[in-house]
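Observations on chain architecture
If you want the building blocks of each chain, they are given just below.
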Amino acid sequence: QMSASKALFGMVPLRKVGSNVNSTGQTQYNIANGLASNIFHGDLVMMSAGNLTPVATTTDYAVGVFVGCEYTDPTSKQPTFSRYFPANTSSAIGNPVGFVVDDPYATFMIQADASVTAGDINSQNFAVTLGSGSTVTGNSGFGIKAASRATATKAVRPIAMIDEPNNALTGTDGAFPKLEVKIVQHWMKRQATA
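Rules used in this analysis
Residues numbered from 1 in each chain as written. Predicted model: local features only at pLDDT ≥ 70, side-chain atom pairs only at ≥ 80, totals over all residues. Heavy atoms only, no water. Helix = DSSP H or I, 4+ residues; strand = E, 2+ residues; numbered from the N terminus. Rg over C-alpha atoms; globule rule 2.2 N^0.38 Å. Buried < 20%, exposed > 50% of the residue type's maximum accessible area, 1.4 Å probe, protein only. Contact = heavy atoms within 4.5 Å. Areas by Shrake-Rupley, 256 points an atom, 1.4 Å probe, with all protein chains shown as cover. Lys, Arg positive; Asp, Glu negative; His and termini not counted. Charge placed at Lys NZ, Arg CZ, Asp CG, Glu CD. Core = buried A, V, L, I, M, F, W, Y, C linked by side-chain atoms within 4.5 Å. Phe/Tyr/Trp six-rings, centres within 6.5 Å; stacked < 30°, edge-to-face > 60°. Polar contact = N/O pair within 3.5 Å; in protein donor to acceptor, adjacent residues only side chain to side chain. Salt bridge = Lys/Arg side-chain N within 4 Å of Asp/Glu carboxyl O.

Digging into the overall build of the protein
The secondary structure content of the protein amounts to 0 helices and 12 strands. Compactness check: the protein gives a C-alpha radius of gyration of 17 Å against a globular reference of 16 Å for 194 residues, within 12% of the reference. Along the first, second and third principal axes, the C-alpha set of the protein runs to 50 × 45 × 30 Å. Out of the 194 residues in the protein, the part that is buried amounts to 46%. Intrachain contacts of the protein at a sequence separation of at least 6 include 68% that bridge at least 24 residues. Just so you have it, the protein exposes about 9200 Å², and 51% of that area is on carbon and sulfur atoms. Each charge sign in the protein was given a centre, from 13 positive and 12 negative side chains, and these centres are 6 Å apart.

Brief notes about unusual backbone geometry
Despite not being glycine, Ala49 shows a phi value in the positive range, around 55 degrees. With respect to the helices and strands, Ala49 occurs in the loop between β3 (44–48) and β4 (51–54). For Ala49, a relative accessible area of 81% puts it in the exposed group.

Observations regarding the nonpolar core
Met11, Leu44, Phe108, Ile144, Val156 and Val181 are the most contacted members of the largest nonpolar core, which totals 27 residues. For this core, the secondary-structure elements that each account for two or more residues are β3, β5 (64–72), β7 (97–101), β8 (106–111), β9 (125–129), β10 (143–150) and β12 (178–183). Once you skip the residues sitting within four places of it in the chain, Phe108 turns out to touch Met11, Val12, Pro13, Leu14, Val65, Val101, Leu179, Glu180, Val181 and Ile183. Judged by nonpolar contacts, the second largest core, of 12 residues, contains Leu35, Ile39, Leu52 and Cys69.

Focus: the environment of Thr117
Along the polypeptide, Thr117 turns up in the loop between β8 and β9. With 57 residues separating them along the chain, Thr117 and Gly174 place their C-alpha atoms 8.8 Å apart.

A few points about the packing of aromatic side chains
What the rule picks out here adds up to 2 aromatic pairs. Seen in terms of ring centroids, Phe40 and Tyr84 are 5.3 Å apart; in terms of plane orientation they differ by 15 degrees. Their pairing is stacked. Taken together, the positions of Phe40 in the loop between β2 (27–30) and β3 and Tyr84 in the loop between β6 (79–82) and β7 put the pair 44 residues apart, joining distant regions of the chain. When its relative accessible area of 6% is taken as the criterion, Phe40 is described as buried.

Some remarks on the side chain of Lys178
Locating Lys178 in the fold gives a position in strand β12. Classification of Lys178 by relative accessible area gives buried; the value is 6%. A polar side-chain atom of Lys178 sits 2.8 Å from a polar atom in the side chain of Glu164.

Side note on the pattern of salt bridges
Under the counting rule described, the total for this entry stands at 4 salt bridges. Between Arg15 and Glu180 there is a salt bridge whose closest N-O contact spans 2.6 Å. With Arg15 in strand β1 (residues 12–16) and Glu180 in strand β12, this residue pair connects regions lying 165 residues apart in the sequence. A salt bridge links Lys178 to Glu164, with the nearest nitrogen and oxygen atoms 2.8 Å apart. Here Lys178, found in strand β12, pairs with Glu164, found in the loop between β11 (156–161) and β12; they are 14 residues apart in sequence, far enough to count as distant. Among the residues examined, Glu164 registers a relative accessible area of 27% and is labelled partly exposed.

In structure tokens:
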């Protein structure tokens, strides 16, 4: 995927900020039986009534990034692992569970839906586009909403441009750049409220 073309793919785990060891660890969270929404690989997810669900607004605080799920198929009764959670699926035994990269210091690769400037890196925050994913690949349709740049709190902050061929912040390759971001609105970093 070249950054001269827009093909939003969600958030892909990269590393941890600083010199910390990256265990690529994931945490298991419940998904409500029969949840009416798909949850795609690379979606920014939050908790709602004790269950995972994709973020729905620009003000939601994320628990992390969804990277797959497990449930007992309601027809075959076999354990099923999937890159995405299919909407309206009920596990035959127990609840479906989702796996989430929830480290508040993890970084992710994500594509912007329009150009981003060098001045945006490490100085501006962005909302994410809440695009639909693909039930064929299981990949998310989330991306950075370039027009949402602000110094106010938003979902993510770009900390670097991804260093790969045909990815840039200027010229033809800068039309839809891939960026390394950290989650700003992470529930573990949220100040407690009374």
